[in-house]
Amino acid sequence: MPLHRILIVEDEPLIAMMLEDFIEALHKECVGACDTVQSALATIADENPDAVILDINLSGGEKSWPVADMLAERGIPFVLSSGGDEITDGHAGRPRLTKPYTMDGVEKALAALV
């Protein structure tokens, strides 16, 4: 099934905007950009995206693992993104997207979810 509706969970506004541009250039729809675990959980419940680009480290030291757990429970594919190597055992096999992001990297990461 093609993944057209993509949610971004990213706390840096400029990076989130760049990812939105990449998603649109790849002929996909960005259903939103969230910068906290709470807003991501609410948006997932409301929008039911096809896939998510999920930054592990959010502002104020917040980790996005509760979002990853919800996505896994709902069967929504997601890419973990980060500038570091941290990972949790429950999501070790997930596709990764490392910073700095490139259009090619985002395209390959989303393709790995299909």
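Residues numbered from 1 in each chain as written. Predicted model: local features only at pLDDT ≥ 70, side-chain atom pairs only at ≥ 80, totals over all residues. Heavy atoms only, no water.

K.L.:
Would you take a moment to explain the nonpolar core for this structure?
P.N.:
Note that soluble globular proteins tend to have their nonpolar side chains buried in a common cluster. In terms of nonpolar packing, the biggest core is built from 19 residues, with Val-9, Val-52, Leu-54 and Leu-71 touching the most fellow members. When residues of this core are assigned to their parent elements, the largest contribution, five residues, is made by helix 3 (residues 65-74). Excluding its chain neighbours within four sequence positions, the residues that come into contact with Val-9 are Cys-34, Ala-40, Val-52, Ile-53, Leu-54, Asp-55 and Leu-58. Counting residues in hydrophobic clusters, the runner-up holds 17 residues, among them Phe-22, Val-79, Ala-109 and Leu-110. (Core = buried A, V, L, I, M, F, W, Y, C linked by side-chain atoms within 4.5 Å. Buried < 20%, exposed > 50% of the residue type's maximum accessible area, 1.4 Å probe, protein only. Helix = DSSP H or I, 4+ residues; strand = E, 2+ residues; numbered from the N terminus. Contact = heavy atoms within 4.5 Å.)

K.L.:
Would you take a moment to explain helix 1 (residues 13-25) for this structure?
P.N.:
Helical geometry note: an α-helix holds 3.6 residues per turn, so side chains three or four residues apart project in the same direction. For helix 1, with 13 residues, the first-to-last C-alpha span of 18 Å sits near the 18 Å given by 1.5 Å per residue. Lining the buried residues of helix 1 we find strand 1 (5-9), strand 2 (29-34), strand 3 (51-55) and helix 4 (103-111). (Expected span 1.5 Å × (residues − 1).)

K.L.:
Is there a simple way to think about the state of the cysteines in this case?
P.N.:
By definition, a disulfide links two cysteine residues through a covalent bond between their sulfur atoms. One pass over the full model with this rule turns up zero disulfides. Here Cys-30 is not disulfide-linked; the sulfur of Cys-34 is the nearest cysteine sulfur, at 8.9 Å. What makes Cys-34 buried here is its relative accessible area of 5%. (Disulfide = S-S within 2.5 Å.)

K.L.:
Looking at this structure, I do not really get the pairing of strand 1. What am I missing?
P.N.:
The side chains of a regular strand alternate, residue by residue, between the two faces of the sheet. With respect to burial, strand 1 is a largely interior element, four of its five residues being buried. The pairing of strand 1 with strand 2 spans five bridges and is classified as parallel. The residue bridging Ile-6 from the neighbouring strand is Cys-30, located in strand 2. For the segment spanning strand 1, helix 1 and strand 2, crossover handedness is right-handed. Two strands pair when backbone bridges link them, and strand 1 and strand 3 are joined in this way by four bridges, in the parallel orientation. Of the residues in strand 3, the one forming a bridge with Val-9 is Leu-54. (Pairing = 2+ DSSP bridges. Right-handed = clockwise from strand over helix to strand, strands pointing away.)

Fair warning: the whole summary comes from geometry, so function is off the table for now.
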